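The residues making up each chain are set out below.
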Amino acid sequence: MHPQAEKIQQALQAAGCAAQVREMPDSTRTAVEAAQAVGSTVGQIVKSLVFVLDPPGQPVLVLVSGSNRVNEAALGARLGGTLRKADATLVQQATGYAIGGVPPLAHATPLPTYLDEDLLQYAEIWAAAGTPKAVFPIDPSTLLRITGATSVCVR
Ligand code: 5CA
């Protein structure tokens, strides 16, 4: 397994979670590609998106259903500031992973984390595991627990 994917597998295990990372033959770089690769709906794919919340001008992670777009103005207001999308360099710095493989946990720096409440309707969702070909299935309440996320409306 790719070392980045192995790191996610170990982090899942350390969190007491039985989820198994899968390296797919095809790209899982985008939510649509990931859904095709695993045979799920796009809504069941977790996008791990980094934004900057200002104040305090720090990165936050938002775990978003593949079928939703974050309403930055509304979510920023809920979090008490303004939100803007992080650029690729900041994503790499804050998480330790490149766009397309950013996982929901095991980051370079601890990130305040929010989870799209629309993900909670599914029995199983799929998140990236460190590379653009690695994913893992998990139930949303377990993902909420192991990421320490707060569930929010992102729309
Ligand atoms: N592996 C898939 C599904 S698990 C995945 O990582 N999807 S994702 O949505 O979390 O990652 C792609 C996201 O990165 C895009 O939705 C987009 O919001 C963001 N992105 C893509 N290109 C850039 C860029 N140049 N700068 C900042 N963000 C970007």
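Here is what the cut-offs are and how they apply
- Residues numbered from 1 in each chain as written.
- Predicted model: local features only at pLDDT ≥ 70, side-chain atom pairs only at ≥ 80, totals over all residues.
- Heavy atoms only, no water.
- Helix = DSSP H or I, 4+ residues; strand = E, 2+ residues; numbered from the N terminus.
- Rg over C-alpha atoms; globule rule 2.2 N^0.38 Å.
- Near = heavy atom within 4 Å.
- Polar contact = N/O pair within 3.5 Å; in protein donor to acceptor, adjacent residues only side chain to side chain.
- Areas by Shrake-Rupley, 256 points an atom, 1.4 Å probe, with all protein chains shown as cover.
- Nonpolar A, V, L, I, M, F, W, Y, C, P; charged D, E, K, R; others polar.
- Buried < 20%, exposed > 50% of the residue type's maximum accessible area, 1.4 Å probe, protein only.
- Pairing = 2+ DSSP bridges.
- Core = buried A, V, L, I, M, F, W, Y, C linked by side-chain atoms within 4.5 Å.
- Contact = heavy atoms within 4.5 Å.

(A) Structural context of the overall build of the chain. A tally of regular secondary structure across the chain gives five helices and eight strands. Sequence-ordered secondary structure for the chain, helices as α and strands as β, is α-β-α-β-β-α-β-α-β-β-β-α-β. Here the chain has a C-alpha radius of gyration of 14 Å; the compact-globule value for 155 residues is 15 Å, and the two agree. Taking the principal axes of its C-alpha atoms as reference, the chain extends roughly 40 × 30 × 30 Å.

(B) Local environment of unusual backbone geometry. The peptide bond linking Asp 54 to Pro 55 adopts the cis configuration, its omega dihedral lying at -10 degrees. Secondary-structure assignment places Pro 55 in the loop between β2 (45-54) and β3 (58-65). Of note, the bond from Pro 55 into Pro 56 is cis; its omega dihedral lies within 30 degrees of zero at 10 degrees. Counting through the fold element by element, Pro 56 comes out in the loop between β2 and β3.

(C) Molecular detail of the site of the ligand. The ligand sits among 14 residues. The nearest are Thr 28, Arg 29, Ser 48, Lys 85 and Gly 100. Take Lys 85: an N or O atom from its side chain is 2.3 Å from an oxygen atom of the ligand. If the ligand stood free it would expose 610 Å²; the protein chains cover 72% of that surface. In terms of residues, the shell around the ligand owes the most to one element, β2, which gives five residues. Per-class residue counts for the shell around the ligand are seven nonpolar, four polar and three charged.

(D) View of the pairing of strand β7 (residues 134-138). Judged by how many residues are buried, β7 sits mostly within the fold: five of five residues are covered. Because side chains alternate across β7, one face comprises the buried residues Ala 134, Phe 136 and Ile 138, and the other comprises Val 135 and Pro 137, equally buried. In this structure, strand β1 (residues 22-23) lies alongside β7, joined through two bridges in antiparallel fashion. Its bridge partner being in β7, Glu 23 is matched across the sheet by Ala 134. Hairpin connection between strand β6 (residues 125-128) and β7: a loop of five residues separates the two successive antiparallel strands, and Gly 130 in this loop has a positive phi of roughly 95 degrees.

(E) Fine view of the nonpolar core. In this structure, Ile 8, Leu 12, Val 21, Phe 136 and Leu 143 are the most contacted members of the largest nonpolar core, which totals 28 residues. Looking at this core, the elements with two or more residues in it are α1 (3-14), β2, β3, α4 (88-95), β6, β7 and α5 (140-147). Not counting the four nearest positions on each side in its chain, Phe 136 is found in contact with Ile 8, Leu 12, Ala 19, Gln 20, Val 21, Pro 104, Leu 105, Ile 125, Trp 126, Ala 127, Ala 128 and Ala 129. Judged by nonpolar contacts, the second largest core, of 13 residues, contains Leu 49, Leu 53, Val 62 and Leu 79.

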